[in-house]
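For reference, the chains in residue letters:
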Amino acid sequence: MAPVNALWFSGGTLSVIDQRKLPGEKVVLELSEVRSAAEAIRNMTVRGAPTIGVAAAYAMVLAQTKDHLSANEAAEILRATRPTANDLFVGVETVRSAWEAGGDVLAAAEAYRASIVEQCHAIGVHGAPLISKGAHVLTHCNAGALATVEWGTALAPIRVAWHEGRSPHVWVDETRPLLQGSRLTAWELREEGIPHTILADNAAGLLMQRKRVDLVIVGADRITRSGDFANKIGTYEKAILAHEHGVPFYVAAPWSTFDPTLESGNDIPIEERGREEVLTFAGVSSAPADSAAWNPAFDVTPSRLVTGFITPEGVLRPEDVRRVLKRRSEGG
Ligand code: MRU
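Novice: So what exactly am I meant to see when it comes to the pattern of salt bridges here?
Specialist: When their charged atoms lie close together, side chains carrying opposite charge are able to pair. Inspection of the entire model under this criterion finds 23 salt bridges. Ionic pairing is found between Lys238 and Glu237, a salt bridge with its closest N-O pair at 3.8 Å. One salt-bridge network, in which partners are shared between bridges, spans Arg79, Glu93, Arg96 and Glu100.

Novice: Is there a simple way to explain the sheet that holds strand β8 (residues 222–223) in this structure?
Specialist: The strand order β8-β9-β13 describes an open sheet built from three strands, whose pairing is antiparallel. Edge positions in the sheet fall to β8 and β13 (298–301), since each of these pairs with one other strand and no more. Where strand β9 (residues 229–232) and β13 come together, four bridges link them in antiparallel fashion. Looking at β13, one finds that Asn231 is bridged to Asp299. Sheet strands touched by helix α10 (residues 235–244): β9 and β13. Its angle to β13, the strand with the most contacts, is close to 35 degrees.

Novice: Would you mind showing me how to read the domain arrangement of the chain here?
Specialist: Quite often, the size of an interface is put as the accessible area lost when its parts meet. Taken domain by domain, the chain consists of domain 1 (7–119) and domain 2 (122–329). Contacts between the two partners involve 30 residues from domain 1, matched on the other side by 33 residues from domain 2. For the pairing of domain 1 and domain 2, the buried interface totals around 2500 Å² over both sides, and the portion due to carbon and sulfur atoms is 53%. Scanning the region where domain 1 abuts domain 2 turns up two salt bridges. Between Arg82 and Glu271 there is a salt bridge, with its nearest N and O atoms 2.9 Å apart. Our enumeration of links across domain 1 and domain 2 arrives at 24 residue pairs in polar contact (both at pLDDT 80 or more). Looking at the side of domain 1 that touches domain 2, the elements that each hand over two or more residues are α2 (49–67), α4 (86–100) and α5 (105–127). Here the element with the most residues in the side of domain 1 that touches domain 2 is α5; it accounts for six residues. Within the side of domain 1 that touches domain 2, the residues separate by chemical class into 15 nonpolar, seven polar and eight charged.

About the cut-offs
- Residues numbered from 1 in each chain as written.
- Predicted model: local features only at pLDDT ≥ 70, side-chain atom pairs only at ≥ 80, totals over all residues.
- Heavy atoms only, no water.
- Salt bridge = Lys/Arg side-chain N within 4 Å of Asp/Glu carboxyl O.
- Pairing = 2+ DSSP bridges.
- Helix = DSSP H or I, 4+ residues; strand = E, 2+ residues; numbered from the N terminus.
- Contact = heavy atoms within 4.5 Å.
- Axes fitted to C-alpha atoms, helices over the stretch in contact; angles between N-to-C directions.
- Domains from an automatic or database assignment.
- Buried area = accessible area lost by both parts, 1.4 Å probe.
- Polar contact = N/O pair within 3.5 Å; in protein donor to acceptor, adjacent residues only side chain to side chain.
- Nonpolar A, V, L, I, M, F, W, Y, C, P; charged D, E, K, R; others polar.

Structure (structure tokens):
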């Protein structure tokens, strides 16, 4: 079965799978104004760095055709939704600049979507050879088709390896507090019949100690020139564990996730979300309602813990990121 399609635009409306409702219900929401699209990004109806970039690109189209805002007003609304994923800013800017130049904004958004899908497929092709026959791959959060429109970043090499008959098995971190691993990654893998096992976030140490993980592949929300990167909270711990146990640790991402303007992980803005996400479990109270809670949505992993970045052009060593970003910015 083909990977799911997280969103599509037709008849002047943006349709998105409501990711808050999965795996229980597959509900499609239709968004026809920029502010409702912005709210869907903020409240994580749509989520995952490349998907929110594409959703924001289409939301710019709604802003022009339905809300009759200026390009800058629309961009401001969308940029204020979530601070960490670089893709959001790239998706907005791609359509904003076409708009300001008098171009066709729908064509710009469609081209952006197609480029993300194509890049994620290329990540799958370049990453699949890292997965040997029967390998056990650990992943964190959801970096699958739901997070990237189609294919995935971390899940793309796994999908390609699966279709090539290499029988990977996926260890799926549950990913507290919003359970993107157990709710979304497991749902995607199950839809396609790819073998997987869900584990509580704090079980990864024992798993690696028992040598049951061959490699880790995660996605990213922002990657800096130095190769430090932000991803879902808990990624840093997995990178330390992988380093301690000699397990290769890969980060898969399209170019929209790389931010050539930032030098180090300390420069990445980290989103902090509401305390209620920590004080509840799947919507049910799981702590004293008046306790304080800290809820950073992402953490930063230093480049020294990364074995390689799986990109649309191949696997980069962390020390190569700076040079490749410079070459790309010079049009090479
Ligand atoms: O808060 P989320 O669910 O949007 O966070 C998503 C992640 O951290 C993903 O791992 C990341 O966006 C990469 S998606 C290909």
